[in-house]
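Okay, here's what each chain looks like letter by letter:
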Amino acid sequence: LSSPSGVLRLLVGGGAGGEDLAGASESRKRQADWERQIESLDQKEVELHQTQLRLIREQTSTFVRDVSALRQEMSAMRAKQAAIEESLGISQGNHVSIAQSHATMGDRVAALEQVIGDWGRRHEAHAREIRSLQDAHEQQRHSTVGERMAYVEKLLG
């Protein structure tokens, strides 16, 4: 029983010497319970990943819409500003001083663009992490009974 194959033989029904049928039957029941638990956990994990991906898609979609709306608003504001400056007949000299006073607006836009870029990079990192978790899950999902038993034995010590 010290090796995983010995435990597996015991669970599958090979016995460890003179073990009676009741013990073997109990082992089979435990194995079936473990298999059901593993399948249940696998299904829950898949559901969790699907929910996470759906949430990321929704958040990304909302974010893209918001950025697009902000860009449209900025374009409209710039057009209005140009129209107001033209209607007021602001001279080139005054225009330079106004542009200098609005330099902080450009800094603000640059800061927003940096935040948006940082968020995008974090989103990509999370997407890669989720993909790697899904790949690991798929590999684990297709493991053999022996591999699963070795894993359970490793967890139980």
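Check the entry above for the structure.
Just so it is clear, the structure is predicted and the values come from calculations on it, not from any experiment. (Residues numbered from 1 in each chain as written. Predicted model: local features only at pLDDT ≥ 70, side-chain atom pairs only at ≥ 80, totals over all residues. Heavy atoms only, no water.)

Caption draft 1: Examining the overall build of the protein chain more closely. What the protein chain contains, in helices and strands, is 5 helices and 0 strands. The N-to-C order of helical and strand elements in the protein chain reads α-α-α-α-α. Every one of the 157 residues in the protein chain was classed for burial, and the buried ones make up 13%. Accessible surface computed for the protein chain: about 11,900 Å², of which carbon and sulfur atoms make up 57%. (Helix = DSSP H or I, 4+ residues; strand = E, 2+ residues; numbered from the N terminus. Buried < 20%, exposed > 50% of the residue type's maximum accessible area, 1.4 Å probe, protein only. Areas by Shrake-Rupley, 256 points an atom, 1.4 Å probe, with all protein chains shown as cover.)

Caption draft 2: Structural detail: the layout of surface pockets. The volume enclosed by the largest pocket comes to roughly 370 Å³. Of all the elements in the fold, those that place two or more residues in the lining of the largest pocket are α2 (21-88) and α4 (103-141). When residues in the lining of the largest pocket are grouped by element, the largest group, 8 residues, is from α2. By residue class, the composition of the lining of the largest pocket is 8 nonpolar, 1 polar and 5 charged. (1 Å grid on protein atoms, 1.4 Å probe; cavity = no way out; pocket = protein on both sides within 12 Å on 5 of 7 lines; lining within 4 Å. Points joined across faces, edges and corners; volume = space filled by probe spheres on them. Nonpolar A, V, L, I, M, F, W, Y, C, P; charged D, E, K, R; others polar.)

Caption draft 3: Local environment of a nonpolar patch on the surface. There is a patch of nonpolar side chains on the surface, built from Tyr 151, Leu 155 and Leu 156 and spanning about 360 Å² of accessible area. Position of Leu 155 among the secondary structure elements: in helix α5 (residues 145-156). Here Leu 155 falls in the exposed class, since its relative accessible area comes to 58%. (Patch = residues over 30% accessible without salt bridge, like charges linked within 9 Å, V, L, I, M, F, W, Y side chains within 5 Å. Salt bridge = Lys/Arg side-chain N within 4 Å of Asp/Glu carboxyl O.)

Caption draft 4: Structural view of the pattern of salt bridges. Considering all chains together, one arrives at 2 salt bridges under this definition. In this structure, Arg 36 and Asp 33 form a salt bridge, with 2.1 Å as the shortest nitrogen-oxygen distance. Placement of the pair is Arg 36 and Asp 33 together in helix α2, with a separation of 3 residues, close to one helical turn. Judged by its relative accessible area of 53%, Arg 36 falls in the exposed class.

Caption draft 5: Representation of α2 in the model. Helix length check: α2 (68 residues) gives 100 Å between terminal C-alpha atoms against 100 Å at 1.5 Å per residue, within 8%. Looking only at α2, the buried set comprises Ala 24, Ser 27, Gln 31, Ile 38, Asp 42, Val 46, His 49, Ile 56, Val 67 and Glu 85. Phi turns positive one or two residues past the end of α2, at Gly 89, with a value near 65°. (Expected span 1.5 Å × (residues − 1).)

Caption draft 6: Here's a closer look at α5. Compared with an ideal rise of 1.5 Å per residue, which puts 12 residues at 16 Å, α5 spans 16 Å between its outermost C-alpha atoms and is within 8% of the ideal. Restricting attention to buried positions, one finds in α5 the residues Arg 148, Met 149 and Val 152. Relative to the axis of α5, the buried residues are bounded by an arc of 100° and lie together on one face. Phi turns positive one or two residues past the end of α5, at Gly 157, with a value near 85°. (Arc of directions from axis to C-beta.)

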